[in-house]
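# Examination of the molecular architecture
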Amino acid sequence: MGRHAPGQEFARLADRAVGRGSLENAMIRSELVQALAKDNPELRADEVDRVVDIFFEEIATRLAEGGRVELRGFGAFSTRERDARMGRNPRTGEPVPVPAKRVPYFKPGKEMRERLNED
Amino acid sequence: MMRSVGTLTRADLAEAINRKLGFSRAESLDLVESVLAHMCEAMGKGENVKISGFGSFILRDKKERIGRNPKTGVEVPITPRRVMTFRASQLLKERIAKG
């Protein structure tokens, strides 16, 4: 372990510095890859990286196709339609039409919700 | 719905890993479980999870508020709780919006 690429380390520090919301600790993709590599010492680093790539790419592709992704215990991803509406340019206040579109939606699973609230 | 595509599950994710990397089905399924378990573990410890190019799973702490039983109309307190939200990356939003 401890083989951070300098760029990744920088991204991580930047993430921490921004500290969005009340929780400034975050696990980033490279840390997920490292955790997975630790569990699977028989795999090469590039293979572990590909596993993580494929995992999220498959989910993204299915959502882009208009499908649904259900990972029991974790949660379910789906997409929802948004009607066209009139928005506003926040700088000029000028009204601008916002076209109808499809947006991602995530609902956490029951076990995940419970896990976040056990004391 | 624009097209009827089925629901993607753990088995499909494992199948993609098996097909693309040549790991056994059992090993592929273990890897899928392992990815999910590590994300759950991080969030269980109060950490957000950020996957560049995909999105972020963000924890929010909700204060107690008064809710209402929709059937009976009786007011009940909703206890303070931690919830998980997903914020898709700009890239994922664009891919989904295009359809």
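Here goes a summary of the coordinates provided. The structure presented is a predicted model; accordingly, all values stated were derived computationally and were not measured. (Residues numbered from 1 in each chain as written. Chains lettered and ligands numbered in written order. Predicted model: local features only at pLDDT ≥ 70, side-chain atom pairs only at ≥ 80, totals over all residues. Heavy atoms only, no water.)

Each side of the interface is counted separately: chain B has 51 residues, and chain A has 51 residues. Together chain B and chain A conceal approximately 5100 Å² of surface at their shared face, both sides included; 69% is due to carbon and sulfur atoms. Of all residues in chain B, the largest losses of buried area upon contact with chain A belong to Leu8(B), Lys50(B) and Ile96(B), amounting jointly to 14% of the total for that side. Joining chain B to chain A, the criterion identifies two salt bridges. The partner of Lys20(B) in a salt bridge is Glu58(A), with the nearest N and O atoms 3.2 Å apart. Joining chain B to chain A, the criterion identifies 14 residue pairs in polar contact (both at pLDDT 80 or more). Those elements that place two or more of their residues in the side of chain B that touches chain A are strand 1 (7–8), helix 1 (10–21), helix 2 (25–44), strand 2 (48–51), strand 3 (55–62), strand 6 (81–88) and helix 3 (90–98) of chain B. With 13 residues, helix 2 of chain B is the single largest residue contributor to the side of chain B that touches chain A. Looking at the side of chain B that touches chain A residue by residue, the class counts come to 29 nonpolar, 10 polar and 12 charged. Relative to strand 2 of chain B, strand 1 (residues 26–28) of chain A is paired through three bridges, and the arrangement is parallel. (Contact = heavy atoms within 4.5 Å. Buried area = accessible area lost by both parts, 1.4 Å probe. Salt bridge = Lys/Arg side-chain N within 4 Å of Asp/Glu carboxyl O. Polar contact = N/O pair within 3.5 Å; in protein donor to acceptor, adjacent residues only side chain to side chain. Helix = DSSP H or I, 4+ residues; strand = E, 2+ residues; numbered from the N terminus. Nonpolar A, V, L, I, M, F, W, Y, C, P; charged D, E, K, R; others polar. Pairing = 2+ DSSP bridges.)

A few words now on the sheet that holds strand 1 of chain A. Spatially, four strands are ordered 1(A)-2(B)-3(B)-6(B) in an open sheet, and the strand pairing comes out mixed. On the outer flanks of this sheet lie strand 1 of chain A together with strand 6 of chain B, each paired with one strand and no other. Neighbour-to-neighbour, the strand axes of this sheet turn through a mean angle of 25°, independent of strand direction. (Axes fitted to C-alpha atoms, helices over the stretch in contact; angles between N-to-C directions.)

As a further point, take the pairing of strand 4 (residues 65–68) of chain B. Note on strand geometry: in a regular strand, side chains alternate between the two faces of the sheet. All names here are of chain B. Across four bridges, the pairing between strand 4 and strand 5 (residues 75–78) is antiparallel. If you follow Arg65 over to strand 5, its bridge partner there is Ile78. Following strand 4, the chain reverses through six residues before pairing antiparallel with strand 5; Gly73 in that reversal takes a positive phi of roughly 80°.

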